[in-house]
Amino acid sequence: MSPRILGIHHVTAIAGAPQRNVDFYVGTLGLRLVKRTVNFDDPGTYHLYYGDQVGRPGTIMTFFPWPGAPRGRIGVGQVTVTAFFIPARAVGFWQERLRRHGIATRGPTARFDETVLAFEDPDGLPLELVASDDDARAGWPDGPIPEAYAIRGFHSVTLSERGLDEGGRRTLGLLDEGLGFRLVGEASGRFRFAAGEGGAGALVDVLCLDGAPAGETAVGTVHHVAWRTPDEAHQRAWQERIAHLGLRVTDVRDRRYFRSIYFREPGGVLFEIATDPPGFTVDEPPAHLGKHLMLPPWLEPRRAQLERALPPLSIPEVRTS
């Protein structure tokens, strides 16, 4: 079997206060809270998932909220920008919406024939809205943002790596020769790679930065990026291939809504390869996604303890403009 990566599955970042995180990603960006659960490796911490109507792979932004933890540092060895896709006609709408919500923006600027609007979330996590008319994905039809302007899912992630002669070439080589991405653009030290059929949701930009400081993972930084693979058979093939490349790869982890393996690329960014199925409706019907704390079977005996330890969350009332 020749394993395949289809694009971005999800991006997981570190947040501060969980309610502030929900208020921003639901109340401001108009994403749906599709799952409230816990970090399976640290059950005293929430794991919050946001996405489209049912949290399809390629739309899922997730957070581990660490209330009271220090801010991290953006730098090499990290995903330093997470970009969402919007239609070209939506740029003005989002400039005005973010301004009304007190969010400073930079741009719009042009990059690879697309329009980019940059900003940060309340914890300082760098985000972008990238606009073009090249994505046929629909917005959330029942969400708080008019469907014509709504976020469609991911556009890309940006990896910051050490300069080409400091090791950056190894990351470029892994994406190309090891993981099957293909180089589709290069400008001003930015290398753009595409997975699968390419296009928004399947893109990764690599910045090779001479002498830049290393990032420090804490609040306001990305923990890892996950790539899509269609099923567990492809995932097992990836596990074998990554080990053959000389990289340390984990065993398969059951994340309830997908299966995962993890490894670090040569520049230090934590990669995950996650299966598309089974998805977020495995333990909740679509109409009730995100409304209640959901736990995997092995944590159900601790529900009362965990509910006492976790702060309450409310989904904000959202305006439709």
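Scope of this entry: the structure provided in the associated data block. (Residues numbered from 1 in each chain as written. Predicted model: local features only at pLDDT ≥ 70, side-chain atom pairs only at ≥ 80, totals over all residues. Heavy atoms only, no water.)

Regarding the packing of aromatic side chains
Counted under the stated rule, the structure contains 15 aromatic pairs. Each ring, one from F40 and one from W298, has its centre 5.5 Å from the other, and the planes form 80°; the classification is edge-to-face. Here W298 lies in the loop between β16 (270-275) and α5 (303-309) and F40 lies in the loop between β2 (32-39) and β3 (42-51), a separation of 258 residues in the sequence. Exposure remark for F40: the relative accessible area of 14% places this residue in the buried category. Overall, W298 belongs to the partly exposed group, its relative accessible area being 44%. (Phe/Tyr/Trp six-rings, centres within 6.5 Å; stacked < 30°, edge-to-face > 60°. Helix = DSSP H or I, 4+ residues; strand = E, 2+ residues; numbered from the N terminus. Buried < 20%, exposed > 50% of the residue type's maximum accessible area, 1.4 Å probe, protein only.)

Regarding the nonpolar core
With 68 residues, the main nonpolar core has Y25, L29 and W94 as its most contacted residues. Leaving out residues up to four positions away in the same chain, Y25 has contacts with G30, L31, Y50, M61, F63, D121, L125 and L127. Core analysis: the second largest hydrophobic core is formed by ten residues, Y257, F258, F280 and M294 among them. (Core = buried A, V, L, I, M, F, W, Y, C linked by side-chain atoms within 4.5 Å. Contact = heavy atoms within 4.5 Å.)

Digging into the environment of I315
Structurally, I315 is set in the segment after α5. Relative accessible area serves as the criterion here: at 38%, I315 is assigned to the partly exposed category. C-alpha separation for the pair I315 and K291, spaced 24 residues apart in sequence, amounts to 8.1 Å. Beyond its immediate stretch of four places on either side in the chain, I315 contacts V22, V26, L33, R36 and G290.

Here we look at the sheet that holds strand β10 (residues 182-187)
Across the sheet, eight strands lie side by side as β6-β7-β8-β5-β9-β12-β11-β10; this open sheet has mixed pairing. Each edge of the sheet is formed by a strand with only one pairing partner; in this case those strands are β6 (106-111) and β10. Pairwise comparison of adjacent strand axes, ignoring direction, gives a mean angle of 25° for this sheet. In this structure, β6 lies alongside strand β7 (residues 114-120), joined through four bridges in antiparallel fashion. Across the sheet, T109 pairs through a bridge with V116, a residue of β7. In this fold helix α2 (residues 91-100) packs onto β5 (78-87), β6, β7 and β8 (126-132), with an angle of close to 10° to the strand it touches most, β7. (Pairing = 2+ DSSP bridges. Axes fitted to C-alpha atoms, helices over the stretch in contact; angles between N-to-C directions.)

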